[in-house]
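Chains, contacts and geometry: an overview
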Amino acid sequence: MIYREAGDFKTSYRDDGQTFPIRLDRWGYYAVLAVAFGIIPFLINDYWASAVFVPLLIYAIAALGLNILTGYAGQVSLGTGGFMAVGAYSVYKLMTAFPEISIVIHILLAGGITALVGVLFGLPSLRIKGFYLAVATLAAQFFLVWLFNKVPWFYNYSASGQINAPERTLLGHAVTGPATSAPAKYLICLVFAFVLAWVARNLTRGTLGRKWMAIRDMDIAAEIIGVNPLTAKLSAFAVSSFFVGIAGALLFAVYLGAAEVGEAFGINKSFLVLFMIIIGGLGSIFGSFAGAAFMVLLPVLLKNVLVGSFGWPTNLAAHIELMIVGALIVFFLIVEPHGLARLWALTKEKLRLWPFPH
Amino acid sequence: MTRMQTQSQSQSQAPLPAQDGHVTADGRQIGGVMMEMKNITLRFGGVVAIKDISFDIRQGEIRAIIGPNGAGKSSMLNVISGFYHPQEGEVWFKGYRRGPMKPYEVARLGIARTFQNIALFDGMSVLDNIMTGRLNRMKSGFLAQALWWGPAEREENLNREAVEKIIDFLEIQNIRKTPVGRLPYGLKKRVELARALAAEPQLLLLDEPMAGMNVEEKEDMSRFILDVNDEFGTTIALIEHDMGVVMDLSDRVVVMDYGRKIGDGTPDEVRSNQDVIDAYLGVAHD
Ligand SMILES: Nc1ncnc2c1ncn2[C@@H]1O[C@H](COP(=O)(O)OP(=O)(O)O)[C@@H](O)[C@H]1O
Ligand SMILES: [Mg+2]
């Protein structure tokens, strides 16, 4: 009974519909926010920023995006890497073409451009489902990488074929470019992740979210209650790609600083983000963060423990990482499609009743 | 149950008059023609599922469609709700001829339905399933939703109130938050009815709402159907196998067999029709 909802009565539909109906959850959420905004920025150094927090936040945004499409709307996509590339190249073109405009606007616009591209590649979903849709999005992935490689305009005709983020400042602090401090990188990603997670939560709890889930669970029944499958699916592609595009823009501009499309946004990225939502939990905001944290932290942990403490060779640690991830994917796909988020909910359900099992 | 008896008695004494509008013995208002099917023919390749059938549904009545398995009853509902498009014939709704429509467009006309094989959203709670029934009434824009702005939240709460009334009406308060996938069959049927009612439809189509239920569940469901018709004035077209139930519930009955219409009238007229007795009542059915 440590964790309880008894005595926590809801007296209005507004209270009943809130994000964290249980008081303890609400406190936990505020505590996490307080640490994330009030403590970490003062302690963070380059190692923690680049090894853990910045990639975690950026991938959490990408996972949120893919989760909206796959977890909530039921449309499979293997094109995440390609859509991240659209975000990255959009922000690069905007940054270099309009240096006087705020980077925040550029990042948002990059999301908007990716949303349009996402809708375009989402059109086949009106005709095909499941495996065939996955193959179609895979084609999008390869096409987009090919496009950004082949057309020099996208990388401003640079000799290396790479794109490099110039320095841009926000409120007087550099947020892109080599001079960016660890707290600045962390904070810009944190603000984007926080706001986007809140937006994702709002969208999924309301009308649009119910339309997406209706299409996911049974498209025939969705139509009979008046859901137009065309707008429902394409809006999922648009919102999802908006998120993924912003993640790509941040990954390039804030985290990597320089990128080559095949390396930074290849098919591996698509799978990485897909694994995050499978492990974290399909159709869960919390799960998107949990999955991103897991996939970012696992290699760091293995490297520190196996290589650092036990002195094992690095490539062995990498193999073990692959095996663990593979086994977990199989486990979650077969046993618990709602991932870590569901396991967490189950634990809470147990705690709620503890110490009385019934 | 007493009302059901008076109703079937009343029908034997006073068959439907031909002119528009009358009041049944139990005080319900039956109006003019709401929906009219004219010479509908529907084929699947070589199979003729519906052959030149015409009938109408009047405002405020409970209209039953009966017939043996494979007679084409579900196909007829699918024509009404826009899943199937007949090769021949016309569909008229509230005085207008309806062109070929998509199911979601039909839904927006105020026609809701349930399916023979339950079609709920298994990944969502009972409450969310029923809330989906009101999607067409929720108009707040994308930005308002994304920011959970005043209008979006107000709209959510208003519609939640309406849904809670239906939850009370169908007596499913205690399963509100349960994922639909975990419910037993009988309750799923009830939740599906709740979702259809949430749309506040003018015409409600029920495809075998009582199939596979035990006697008690059937009685509950019959009561709900009558109450919906009575309290909200909802026009209902339902497919049902159980003759007893049909006789008790419906104002008028269409009888189908092998895609043809072989009878149409009050339950008592239909019951005494020789074609119907030969084709349907003589045949074993569940
Ligand atoms: N989608 C379809 N494709 C092919 N044949 C169909 C389809 N739907 C129904 N039918 C056929 O139409 C006939 C009537 O079926 P149905 O309307 O389901 O009957 P009922 O509901 O009266 O049992 C059957 O012969 C059935 O096989
Ligand atoms: Mg049928």
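An unreviewed UniProt entry lists chain A under the name Branched-chain amino acid ABC transporter permease, with Paracoccus spongiarum as the source organism. Recorded in UniProt for chain A, the comment headed Subcellular location (unreviewed entry) runs: "Cell membrane".

1. Side note on the sheet that holds strand 6 (residues 88-93) of chain B
Residue and element names in this part refer to chain B. One open sheet accounts for four strands, arranged 4-3-6-7; its pairing is antiparallel. Each of the sheet's edge strands pairs with one partner strand only, and the pair in question is strand 4 (47-58) and strand 7 (96-98). Taken pair by pair, the neighbouring strands of this sheet meet at an average axis angle of 25 degrees, ignoring direction. The sheet contact formed by strand 3 (residues 33-44) and strand 4 spans eight bridges and is antiparallel. Directly across from Arg43, in strand 4, lies its bridge partner Val48. Packing of helix 2 (residues 73-80) onto the sheet brings it into contact with strand 3, strand 4, strand 6 and strand 7, and relative to strand 3 it is tilted by some 115 degrees.

2. Considerations on the coordination of the magnesium ion (ligand 2)
All names here are of chain B. At 2.0 to 2.1 Å from the magnesium ion (ligand 2) lie its protein donor atoms, namely Ser74 (OG) and Gln116 (OE1). Taken as a pair, Ser74 in helix 2 and Gln116 in the loop between strand 8 (111-114) and helix 4 (126-132) lie far apart in primary sequence, 42 residues in all. A relative accessible area of 21% places Ser74 in the partly exposed class.

3. A few points about the confidence of the model for chain B
All names here are of chain B. When pLDDT is averaged across chain B, the result is 86; 90% of the residues are at 70 or more. Note that pLDDT drops below 50 for residues 1-18; the model gives that stretch 35 contacts with residues more than four away or on any other chain. Scored as a whole, the predicted complex attains pTM 0.87, and scored at its interfaces, ipTM 0.83.

4. Remarks on the packing of aromatic side chains
All names here are of chain A. Enumeration according to the criterion identifies 21 aromatic pairs over all chains in this entry. Considering the side-chain rings of Tyr89 and Phe148, the 4.4 Å spacing of their centres and the 10 degrees angle between planes classify their relative orientation as stacked. In this pair, Tyr89 is assigned in helix 4 (residues 80-97) and Phe148 in helix 6 (residues 130-150), connecting sequence segments 59 residues apart. Residue classification places Tyr89 among the buried positions, given a relative accessible area of 1%.

5. Digging into the pairing of strand 5 (residues 62-66) of chain B
All names here are of chain B. Counting buried residues in strand 5 gives five out of five residues, a clear majority hidden from the surface. Strand direction decides the pairing type here: strand 5 and strand 10 (residues 235-239), joined by four bridges, are parallel. Bridge pairing in strand 10 links Ile62 to Ile236. Summarising the sheet, strand 5 and strand 11 (residues 252-257) pair through four bridges and their orientation is parallel. Bridging across to strand 11, Ala64 finds its partner in Val253.

Rules used throughout
Residues numbered from 1 in each chain as written. Chains lettered and ligands numbered in written order. Predicted model: local features only at pLDDT ≥ 70, side-chain atom pairs only at ≥ 80, totals over all residues. Heavy atoms only, no water. UniProt positions renumbered as here; feature names shortened; annotations may be inferred. Pairing = 2+ DSSP bridges. Helix = DSSP H or I, 4+ residues; strand = E, 2+ residues; numbered from the N terminus. Axes fitted to C-alpha atoms, helices over the stretch in contact; angles between N-to-C directions. Contact = heavy atoms within 4.5 Å. Donors = N, O, S within 2.8 Å, 3.2 Å for Na, K, Ca; no water. Buried < 20%, exposed > 50% of the residue type's maximum accessible area, 1.4 Å probe, protein only. pLDDT = per-residue confidence, 0-100. Phe/Tyr/Trp six-rings, centres within 6.5 Å; stacked < 30°, edge-to-face > 60°.

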